[in-house]
Structure formats: structure tokens, C-alpha cells
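Overview (structure and organization)
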Amino acid sequence: MSIRPYRDIQRRRSRQIFVGSVPVGGDAPITVQTMTNTPTADAKATIDQIRRCEEAGADIIRVSCPDEASTAALKEIVRAARVPIVADIHFHYKRAIEAAEAGAACLRINPGNIGSAARVREVVQAAKDHGCSMRIGVNAGSLERHLLEKYGEPCPEAMVESALDHARILEDHGFREFKISVKASDVFLAVAAYQGLAEACDYPLHIGITEAGGPRSGTVKSSVGLGMLLWSGIGDTIRVSLSAPPEEEVKVGFELLKSLNLRHRGVNVISCPSCARQQFDVIKTVEILEQRLAHITTPMTLSVIGCVVNGPGEARETDIGFTGGGNGTHQVYLSGVTAHRLQNEDIVDHLVKLVEAKAREIEAAKAQQAGDQAADAAS
């Protein structure tokens with residue numbers, strides 16, 4: 001029993017598949033995905049963008065393959081990438097086969113729009129031959145005509161039926177290495193569709209609010225929808241869809257997972273909105289700190305609070321705490337314990353040094369633990 005049961009999230013049980021070397025579903029960590037927006041045929045531009053996404057922490061990256069030039073460039077892209085590459089395929093079954101041959105770790109398709117059963121069989125065989133998994137990607141904006149006629153409009157029931165129909169096609173061909181998404185730009189529709197699908201099957205689910213909007217509105221909309229799903233245990237891999245550089249999607253995805261204690265990467269900065277009680281410029285300090293600490297991948301917490309009302313309490317719960325004090329003299333806490341005082345002019349540089357030192361300490365402890373476990377296993 002957890003000592004803080006109100007923080008516990010019981011994840012839905014799902015089967016596990018692999019996207020390249022990355023496990024998805026089961027007890028694997030929830031992965032963060034994004035998608036490139038460069039012309040895939042421009043291998044250099046696409047690889048450069050993939051590199052920025054990797055540095056932001058992306059676990060899986062999707063690239064669109066609308067034409068033969070794109071799949072021709074895919075081999076070079078896959079070879080250069082450090083994370084698994086998903087090929088996004090629509091309608092053209094030959095592009096799916098070419099992508100599998102080029103080394104894609106996963107094919108994002110709708111079996112229903114690939115064409116005849118013979119074509120689906122060829123795509124499935126290519127996936128089997130080259131070790132590809134698949135994602136069935138249902139979207140409210142492109143539901144099959146017969147489902148729109150049956151239900152009258154895109155609705156949760158139509159999306160779930162579409163997903164299960166596509167899943168059945170793959171399973172009828174002896175293929176089970178797939179995950180499913182049922183995305184919509186409407187938060188209510190997307191959440192209800194995922195809830196229905198989660199009850200109807202045990203496939204791993206890729207969750208997202210599609211076409212969510214720009215950085216601010218899209219982040220809010222995605223946080224509402226994905227937050228509801230993740231809090232209820234639904235979701236094995238996520239994408240935050242923003243009209244923004246794809247690396248920004250990755251950053252928002254990790255922040256979302258961090259907020260629910262589902263995944264940790266980098267420094268979790270806990271800061272106050274500031275008010276007339278602040279004893280230093282909180283907003284500017286936090287803005288600079290987030291930029292200066294972007295290179296830290298080690299999970300840890302840093303509280304930056306403008307005054308003594310909440311500062312000491314927040315500091316007790318964080319790895320490093322900083323609380324504003326009078327006369328330009330502030331208090332630093334380490335592991336929740338009062339450590340030393342600090343003057344105004346040293347704030348950012350000093351906190352950056354403390355965070356970097358704490359990161360080295362944490363990583364050294366992890367390395368020591370791994371070494372001890374290896375020694376125990378060998379003895």
C-alpha cells in the first residue's frame with residue numbers, strides 16, 4: 001500500500017509490443033513521441049530535426065512517407081536516427097512495403113484504406129519479414145463512409161468500431177504486433193473514444209488530441225484530454241500534437257507525464273507565480289533557470305519561491321530549494337534541510353551549480369548501484 005495513495009495511478013493492463021528496441025504497453029514506461037514536419041525526401045533536414053527531437057528526449061519519432069522519394073530517403077534517415085522511426089503511411093500499400101524494407105521500426109497505417117485483402121497481406125508480410133510493428137491510426141476526421149452513414153457523425157462508438165475492425169483485419173492475417181489510436185481534435189470525443197476502446201480490448205494505446213492547435217492552446221487542450229486519460233490509467237505512448245517545432249511537443253509531453261508522476265526527465269521546477277511579497281524577480285529567474293538547466297536529463301526537483309510564506313514548506317519536499325528573504329539575502333535548502341544563505345546577484349549561477357552537482361551525485365549513485373547489482377549477479 002502506498003503511503004500517498006491519492007497519488008497512485010493504476011495503469012490499464014495491456015499486451016506489450018516493441019517499436020524497434022522500445023517496449024510499448026505492459027509494464028513499460030509511457031513513451032513520448034513526435035513527428036517531423038520537414039519534407040522526408042530531404043534527408044539532411046529531416047535528420048537535423050530528428051536530432052533536435054532526440055536531444056529533447058523523444059523515445060519514438062514518426063516521419064510521413066507520402067511518396068517514393070520519401071521512402072527512398074528513409075533508409076538514410078533510419079540509419080542516422082538514435083531512436084526508432086515510424087513510417088506514416090496512407091493509401092499507398094507499396095510505400096508501406098518500401099518503408100519496412102528501408103528499416104522503419106513501425107508502420108502507421110489503416111488497414112482499411114490500404115486496399116484489397118491481397119495488398120493488406122503483402123504489407124503484413126513485409127512487416128513480419130522486417131520486424132516492424134504497426135499502429136492502427138483512427139482519426140475522427142477520416143472515418144470510413146459506412147460508419148458515418150451508420151452513426152450519422154464521428155462519435156466514440158464509430159471510432160471504436162473502426163479501430164476494432166482494423167485490428168481484426170491484422171489479426172486475421174496472423175499479425176498482433178500493433179497498437180491503436182483513436183484521435184480527435186474534440187477533447188470530449190477523443191477521451192470518450194479512448195475510454196470505450198480501453199474497455200473493449202487489451203491492445204496498447206497511443207493517445208493524443210489531434211490537431212490541438214498552437215503552443216499555448218494546444219498544450220492546454222492536450223493537457224486536459226491526455227491528463228484525464230493518463231490519470232485514469234489509459235495510455236501507453238503519447239504524442240502532444242502542436243503547430244510548433246516537434247521538439248516542443250516532446251518537452252510538453254514530458255512535462256505532462258512529470259506532473260502525473262508517470263515519467264521523470266530533467267529538472268522539475270516548482271515556482272510561485274510571484275506577488276508583492278517576492279524578495280527577488282521570480283519570473284525572470286525561473287525563465288533563465290529553465291534555459292540554463294535544459295541540458296540536465298537527471299530527474300530531480302528544484303523549488304524557487306519568492307518569499308517565506310510557502311518557500312520553506314516547498315523546499316522540504318524538493319532536492320534543492322530556494323526561498324526569498326529580506327534585504328537581498330535568501331535561503332538555500334539541500335534535500336529539504338536549511339543549508340546556507342545567498343545574495344541577490346548570485347542566484348542563477350549558484351543554483352545551476354547546485355543542480356549540476358546534484359545530477360552528478362545522483363548519476364554516480366545509480367552507477368554504483370548498477371555495479372553492485374552486477375557484482376551480486378556474478379557472484
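Everything below is about the structure shown above.
First, a word on what this report is: a plain description of the structure on this page.

About the criteria used
Residues numbered from 1 in each chain as written. Predicted model: local features only at pLDDT ≥ 70, side-chain atom pairs only at ≥ 80, totals over all residues. Heavy atoms only, no water. Helix = DSSP H or I, 4+ residues; strand = E, 2+ residues; numbered from the N terminus. Buried < 20%, exposed > 50% of the residue type's maximum accessible area, 1.4 Å probe, protein only. Polar contact = N/O pair within 3.5 Å; in protein donor to acceptor, adjacent residues only side chain to side chain. Contact = heavy atoms within 4.5 Å. Phe/Tyr/Trp six-rings, centres within 6.5 Å; stacked < 30°, edge-to-face > 60°. Lys NZ or Arg CZ within 6 Å of the ring centre and 35° of its normal. Salt bridge = Lys/Arg side-chain N within 4 Å of Asp/Glu carboxyl O. Pairing = 2+ DSSP bridges. Axes fitted to C-alpha atoms, helices over the stretch in contact; angles between N-to-C directions. Right-handed = clockwise from strand over helix to strand, strands pointing away. Parallel < 35°, antiparallel > 145°, perpendicular 65-115°, else oblique. Left-handed = near helix turned anticlockwise from the far one by under 90°. Nonpolar A, V, L, I, M, F, W, Y, C, P; charged D, E, K, R; others polar. Core = buried A, V, L, I, M, F, W, Y, C linked by side-chain atoms within 4.5 Å.

Another aspect to go through is the side chain of His330. As for its position among the elements, His330 is in strand S14 (residues 329-334). In this structure His330 comes out as buried when scored by relative accessible area, which is 0%. For His330, the side chain forms a polar contact with the side chain of Asn344, separated by 2.5 Å. What His330 contacts, discounting residues up to four positions off in sequence, is Gln279, Phe280, Phe322, Thr323, Gly324, Gly325, His340, Arg341, Leu342, Gln343, Asn344 and Ile347.

On to the packing of aromatic side chains, then. For the coordinates displayed, the defined rule picks out two aromatic pairs. On the numbers, 4.8 Å between centres and 40 degrees between planes, the contact of Phe178 with Tyr203 is tilted. With Phe178 in strand S8 (residues 178-183) and Tyr203 in the loop between helix H7 (187-200) and strand S9 (206-207), this pair connects stretches of sequence that are 25 residues apart. Judged by its relative accessible area of 9%, Tyr203 is buried. When the ring of Phe280 is compared with that of Phe322, the centres are 5.1 Å apart and the planes differ by 70 degrees; the resulting orientation is edge-to-face. You can see Phe280 sitting in the loop between strand S11 (267-271) and helix H10 (282-292) and its partner Phe322 sitting in strand S13 (residues 320-323), a full 42 residues away along the chain. Exposure remark for Phe322: the relative accessible area of 0% places this residue in the buried category. When the ring centre of Phe254 is taken as origin, the NZ or CZ atom of Arg265, which lies over that ring, is 5.8 Å away.

Next up on the list: the environment of Ser271. Relative to the helices and strands, Ser271 resides in strand S11. Residue class for Ser271 comes out partly exposed when judged on its relative accessible area of 34%. When the C-alpha positions of Ser271 and Ser303 are compared, they lie 5.7 Å apart, and in sequence the two are 32 residues distant. Beyond its immediate sequence surroundings of up to four residues, Ser271 is in contact with Val286, Val304 and Ile305.

Within this structure, the stated rule accounts for 21 salt bridges. Residue Asp236 is joined to Arg12 by a salt bridge in which the shortest nitrogen-to-oxygen separation is 3.7 Å. Taken as a pair, Asp236 in the loop between helix H8 (215-231) and strand S10 (237-239) and Arg12 in the segment before strand S1 (17-19) lie far apart in primary sequence, 224 residues in all. In this structure Asp236 comes out as buried when scored by relative accessible area, which is 1%. Linked by salt bridges that have partners in common, Arg15, Glu171, Arg176 and Asp202 make up one network.

Ordered by their spatial adjacency, eight strands build an open sheet running S8-S7-S6-S5-S4-S3-S10-S9, and the pairing between neighbours is parallel. This sheet does not close on itself; its edge strands, each paired only once, are S8 and S9. Pairing analysis gives three bridges linking strand S5 (residues 85-88) to strand S6 (residues 106-109), with the strands arranged parallel. When the bridges of S6 are listed, Val86 appears paired with Cys106. Set on the sheet, H7 makes contact with S8 and S9; between it and S8 the angle comes to about 145 degrees.

This part is about the pairing of S13. Residue alternation in S13 divides its side chains into two sets, Ile320 and Phe322 and Gly321 and Thr323, and both sets are buried. By the bridge criterion, four bridges tie strand S12 (residues 300-305) to S13 in an arrangement that is parallel. Each residue of the ladder has a partner; that of Val304, found in S13, is Phe322. You can see the chain leave S12, run along helix H11 (residues 311-316) and come back into S13, and the turn it takes is right-handed. Here S13 pairs with S14 via four bridges, running antiparallel. Looking at the pairing, Thr323 lines up with Gln331 of S14. From the end of S13 to the start of S14, which pair antiparallel, there are five residues, and Asn327 there has a positive phi angle of about 60 degrees.

To continue, consider the sheet that holds S14. Here we have five strands laid out as an open sheet, ordered S11-S12-S13-S14-S15, and mixed in their pairing. Two strands lie at the open edges of the sheet, namely S11 and strand S15 (337-343), each paired on one side alone. Averaged over neighbouring strand pairs, the angle between their axes works out to 20 degrees when direction is ignored. Contacts from helix H12 (residues 347-378) reach S11, S12, S13, S14 and S15, with the element oriented near 165 degrees to S13.

The next thing to look at is the packing of helix H1 (residues 43-56) against helix H9 (residues 246-259). Closest axis-to-axis distance for the H1/H9 pair is 8 Å, and the angle between their directions is 15 degrees. Considered as vectors, H1 and H9 are oriented roughly parallel to each other. As H1 packs across H9, the resulting crossing turns out to be right-handed. Mapping the contact onto sequence places Gln49, Arg52, Cys53 and Ala56 in H1 and Pro246, Glu247, Val250, Lys251 and Phe254 in H9. Looking at the contact of H1 with H9 residue by residue, the classes come out as five nonpolar, one polar and three charged.

This part takes up the nonpolar core. Side chains of a nonpolar character, in soluble globular proteins, are inclined to be buried together. With 82 residues, the main nonpolar core has Leu107 and Met134 as its most contacted residues. It is H7 that contributes the most residues to this core, eight residues altogether. Sequence-distant contacts of Leu107, that is, excluding residues within four places in its chain, are made with Ala87, Ala96, Ala99, Ala100, Val123, Cys132, Ser133, Met134 and Arg135. With 22 residues, the next largest nonpolar core counts Val286, Ile296, Ile320 and Leu354 among its residues.

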